[in-house]
Amino acid sequence: MGSTIIEKILEKASGKKVAPGDKVWAKIDLVAMRDFGGPNVILKYEKEFDDEPVFDPEKIAITFDLHIPPRQIKEAENQKICREFARKKGVKLFDINHGIGQHTLLENGLVKPYDVIIGTDSHMNLLGVAEAFSTGVGITDIVTAMRYGKLWFRVPETVKININGKPGEFVTPKDVILHLVGYFGADGLSYKSVEFYGDFIENLGLDGRITIASMVTEMDGKIGFMIPNAEVINFLKEKTGKEIKPISPDKDAEYIESYDFDISNLEPMISCPHSPDNVKAVREVEGKEIDQVFIGSCTNGRIEDLRIAAKILKGKRVKARTIITPSTTEVAKQALREGLIEVFLESGAVVTNPSCALCTIGHPGVLAKGDVTLSTSNRNYPGKIGKGGEIYLVSPATAAASAINGRITDPRDMR
Amino acid sequence: MIIKGKVIKYGDDINTDVIFPGRYLAITDPKEMAEHAMEDLDKDFLEKVKEKRIIVAGKNFGCGSSREQAATCLKYAGVEAIVAKSFARIFFRNAINQGMPVIESAEASEDIDDGDEIEIILDRGVIKNLSKGKEYNFKPLPAFIMEIIEDGGLVNHLKKSIK
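Residues numbered from 1 in each chain as written. Chains lettered and ligands numbered in written order. Predicted model: local features only at pLDDT ≥ 70, side-chain atom pairs only at ≥ 80, totals over all residues. Heavy atoms only, no water.

1. Observations regarding the side chain of A:Glu7
Residues and elements named next belong to chain A. Cut-off, in case you're wondering: Strands here are runs of E lasting at least two residues and helices are runs of H or I lasting at least four, both read from the DSSP assignment and numbered beginning at the N terminus. Type-normalised accessible area, obtained with a 1.4 Å probe on protein chains alone, sets the label of each residue: buried when under 20%, exposed when over 50%, and partly exposed for intermediate values. When charges are counted, Lys and Arg are positive and Asp and Glu negative, with His and the chain ends excluded. Salt bridge, as applied in this entry: a Lys or Arg side-chain nitrogen positioned within 4 Å of an Asp or Glu carboxyl oxygen. Each polar contact in these results corresponds to two N or O atoms within 3.5 Å; when the atoms are within protein, one needs to be able to donate a hydrogen and the other to accept it, and residues that are neighboring in sequence are counted only if both atoms are side-chain atoms. Any pair of residues with heavy atoms lying within 4.5 Å of one another is described as a contacting pair.
Note on placement: Glu 7 falls in helix α1 (residues 5-14). No salt bridge is formed by the buried Glu 7; its nearest oppositely charged neighbour, Lys 17, is found at 5.3 Å. Within the structure, the side chain of Glu 7 is placed 3.1 Å from the backbone nitrogen of Thr 4, a separation counted as a polar contact. If near-sequence neighbours (up to four positions away) are discounted, Glu 7 is found in contact with Gly 2, Val 18, Pro 20, Val 155 and Thr 158.

2. Regarding the packing of helix α2 (residues 38-49) of chain A against helix α5 (residues 139-148) of chain A
All names here are of chain A. The line we're drawing: Orientation is described by lines fitted to C-alpha atoms, with helices fitted over the stretch in contact, and by angles between N-to-C directions that extend from 0 to 180 degrees. Comment on the angle field: the value is read as roughly parallel under 35 degrees, roughly antiparallel over 145, roughly perpendicular from 65 to 115, and oblique elsewhere. Should the near helix be turned counterclockwise from the far one by less than a right angle, the crossing is left-handed, whereas a clockwise turn marks it as right-handed.
Packing of α2 against α5 brings their axes to within 9 Å, and their N-to-C directions diverge by 60 degrees. What the angle tells us is that α2 and α5 run oblique. By crossing handedness, the relation of α2 to α5 is classed as right-handed. Facing Asn 40, Val 41, Lys 44, Tyr 45 and Phe 49 of α2, the residues of α5 in contact are Ile 139, Thr 140, Ile 142, Val 143, Met 146, Arg 147 and Tyr 148.

3. Some thoughts on the interface of chain B and chain A
Which entries qualify depends on this criterion: Summed over both partners, the accessible area lost on bringing two parts together, with a 1.4 Å probe, is the buried area. For this classification, Asp, Glu, Lys and Arg are treated as charged, while Ala, Val, Leu, Ile, Met, Phe, Trp, Tyr, Cys and Pro are nonpolar and the rest, including Gly, are polar.
With 18 residues of chain B at the interface, the matching set in chain A holds 21 residues. Across the chain B/chain A interface, buried area totals approximately 1,800 Å², and carbon plus sulfur atoms make up 62% of it. Notably, a salt bridge pairs A:Asp220 with B:Arg89, separated by 2.4 Å at the nearest N-O pair. On the surface where chain B and chain A come into contact, there are 10 residue pairs in polar contact (both at pLDDT 80 or more). Counting only elements with at least two residues in the side of chain B that touches chain A, the list comes to α5 (89-97), α7 (143-150) and α8 (154-162) of chain B. Counted by class, the side of chain B that touches chain A contains 10 nonpolar, 4 polar and 4 charged residues.

4. What to know about the sheet that holds strand β6 (residues 133-136) of chain A
Residues and elements named next belong to chain A. Put simply, the test is: Whether two strands pair comes down to DSSP finding at least two bridges between them.
The 5 strands lie next to each other as β4-β3-β2-β5-β6, forming an open sheet whose pairing is parallel. Every interior strand has two partners, whereas the edge strands, β4 (92-94) and β6, have only one. Geometrically, the sheet is characterised by an average inter-axis angle of 20 degrees between neighbouring strands, direction not taken into account. Pairing geometry for strand β2 (residues 30-34) and strand β5 (residues 116-119), over 3 bridges, is parallel. The residue bridging Val 31 from the neighbouring strand is Ile 118, located in β5.

5. Points about the sheet that holds strand β8 (residues 158-164) of chain A
Residue and element names in this part refer to chain A. Taking strand neighbours across the sheet as the criterion, the 4 strands line up as β10-β9-β8-β11 in an open arrangement whose pairing is parallel. The open sheet has two edge strands with one neighbour each: β10 (223-225) and β11 (257-262). For this sheet, the mean inter-axis angle between neighbouring strands, taken without regard to orientation, is 20 degrees. Taken together, the 5 bridges between β8 and strand β9 (residues 193-197) define a ladder with parallel strand orientation. Within β9, the position partnered with Val 159 by the bridge is Val 194.

6. Things to note about α5(A)
Residues and elements named next belong to chain A. Most of α5 sits out of view: 9 of its 10 residues are buried. Residues Thr 140, Asp 141, Ile 142, Val 143, Thr 144, Ala 145, Met 146, Arg 147 and Tyr 148 constitute the buried set of α5. A positive backbone phi angle near 70 degrees is found at Gly 149, which sits one or two residues after α5.

7. Some details on the nonpolar core
The condition is simple: Put simply, buried Ala, Val, Leu, Ile, Met, Phe, Trp, Tyr and Cys residues joined by side-chain atoms within 4.5 Å make one nonpolar core.
Judged by nonpolar contacts, the single largest core of 98 residues is most densely connected at B:Phe45, B:Phe61, B:Leu74, B:Ile82, B:Phe91, B:Ile120 and B:Ile127. Beyond its immediate stretch of four places on either side in the chain, B:Phe61 contacts B:Ile14, B:Ile19, B:Met38, B:Ile55, B:Leu74, B:Ile82, B:Ala84, B:Ser86, B:Phe87, B:Ala88 and B:Phe91. Core analysis: the next-biggest nonpolar cluster, separate from the first, contains 55 residues, A:Ile100, A:Leu189, A:Ile212 and A:Met269 among them.

8. Looking at the environment of A:Pro273
All names here are of chain A. Its place among the elements puts Pro 273 in the loop between β12 (269-271) and β13 (279-281). Placed 44 residues apart in sequence, Pro 273 and Asn 229 show a C-alpha to C-alpha distance of 35 Å. Apart from residues lying up to four places away in sequence, Pro 273 is in contact with Asn 278, Asn 380, Glu 390, Ile 391 and Tyr 392.

9. Description of the environment of A:Lys222
All names here are of chain A. Position of Lys 222 among the secondary structure elements: in the loop between α8 (206-214) and β10. Lys 222 sits in the buried class, given a relative accessible area of 10%. Between the alpha carbons of Lys 222 and Ile 60 there is a distance of 22 Å; along the sequence they are 162 residues apart. At 3.2 Å, the side chain of Lys 222 and the side chain of Thr 135 are in polar contact.

That is the geometry; function is a separate question.
Pasting the structure below:
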């Protein structure tokens with residue numbers, strides 16, 4: 001029997017043939033932690049191993065992306081713990097001026113096919129766009145892997161999802177993945193590895209792939225893979241300075257389920273409070289008044305996301321207060337060069353420094369009780385960015401169109 | 001490895017918020033964590049666990065927030081094993097990493113009653129219900145997972161095996 005992508009990666013990492021359900025030791029290529037979670041990891045590491053060295057300083061990265069720059073003394077102290085540890089152990093540290101962790105890892109050439117990567121973030125799995133197996137794990141897992149360079153995993157079953165068709169203008173990868181989250185539900189892909197195929201995926205650039213891969217988490221999937229196309233291969237080659245050979249599954253690989261989606265007639269979609277799988281068409285809820293709009297996050301903070309928002313916002317003024325956060329400094333610089341930042345500022349939006357921004361409550365822009373927000377992020381659980389607030393998840397196009405009208409708006413009406 | 005003891009029985013979907021309430025997340029000492037184990041589910045738990053050291057529960061034990069403390073507090077409260085119809089996957093992983101045996105058996109989960117005395121023979125995949133004179137089978141954990149459990153958790157296991 002042949003192997004799927006996850007099986008090939010875990011076979012290389014464990015040095016033996018694997019099958020779904022097997023539990024295997026895998027060597028770790030990268031251990032990542034953040035300013036949130038990282039300090040707990042470091043304190044536990046020092047408690048368990050005192051001054052013992054990490055397995056490989058080159059394979060450990062600390063990314064500050066949540067409380068940057070810090071507003072509270074506790075956050076500043078947590079970052080200090082990380083900086084001191086990085087200095088002492090010689091591990092990589094990406095300080096407050098970089099942006100979202102996974103995107104920073106990609107942009108700094110730390111991710112490539114076959115890598116096994118763990119981190120303290122439930123959306124680590126978006127690195128499946130580079131055919132790396134990447135997953136969020138617990139503190140004990142991180143601490144142990146940092147010392148010994150290995151960790152055990154259960155080999156997931158693999159599901160195949162084919163997405164074909166060319167959607168109309170202002171129907172984006174976010175609408176596609178929201179449609180899937182609505183279809184499968186919050187636990188519909190529990191512990192499954194997903195392989196995405198079809199002409200829609202093949203023609204999709206890195207940014208759209210990141211949007212789709214990041215929200216596999218919201219279906220409880222373990223990871224989502226897309227075989228890199230020329231654009232993604234060139235990006236990875238440039239960043240890593242290495243030859244990139246994509247992983248293809250064997251022809252006789254075994255999939256437990258296979259699904260086909262034709263998205264030719266897909267409409268803009270929206271995930272309503274208070275669960276990501278409460279998905280409707282934007283048309284069903286259009287007209288509802290909103291107080292705030294957020295465009296950014298590891299799901300929708302890339303340059304293509306900012307481009308489509310700017311296309312709609314250009315020459316218009318926003319009625320709802322609007323916060324826009326590029327995912328990384330590299331993205332922010334590109335947006336500046338293309339004049340997008342000026343479009344945002346002219347429209348009345350607030351542009352913040354690259355970070356996770358309004359994905360958690362620990363960031364400027366939290367909601368007052370009763371506030372309604374549209375967000376391009378990936379979760380809308382109660383209290384996520386303020387007790388009593390309502391969060392709707394949408395694409396950057398729907399977010400921008402709705403910001404202008406101060407009401408939930410189908411972006412196709414802005415053409 | 002054989003674990004013998006009396007059973008405390010719980011139902012389905014026992015979530016990590018009732019196993020270890022969020023208001024105690026700042027606690028770092030495992031013994032102090034144990035003082036709050038199951039506080040929001042069963043206020044008599046700490047009394048019961050003095051003589052009944054095996055938990056038997058329904059489906060999806062340990063669902064909800066991924067906090068590692070849920071497994072840690074049960075271990076330090078004196079729980080020696082958990083048998084359930086199924087486990088939430090993050091809890092399952094955390095429990096093994098803490099050296100807590102976790103056994104999936106629908107048959108045992110349904111048939112065993114509170115207060116029954118059972119014997120779990122981990123490497124053979126057998127649970128004997130000494131109170132009812134019955135036996136249930138389960139798929140044994142792989143050898144290396146058994147080693148992690150026998151060594152008292154992931155950190156201790158690797159410390160020992162790599163030295």
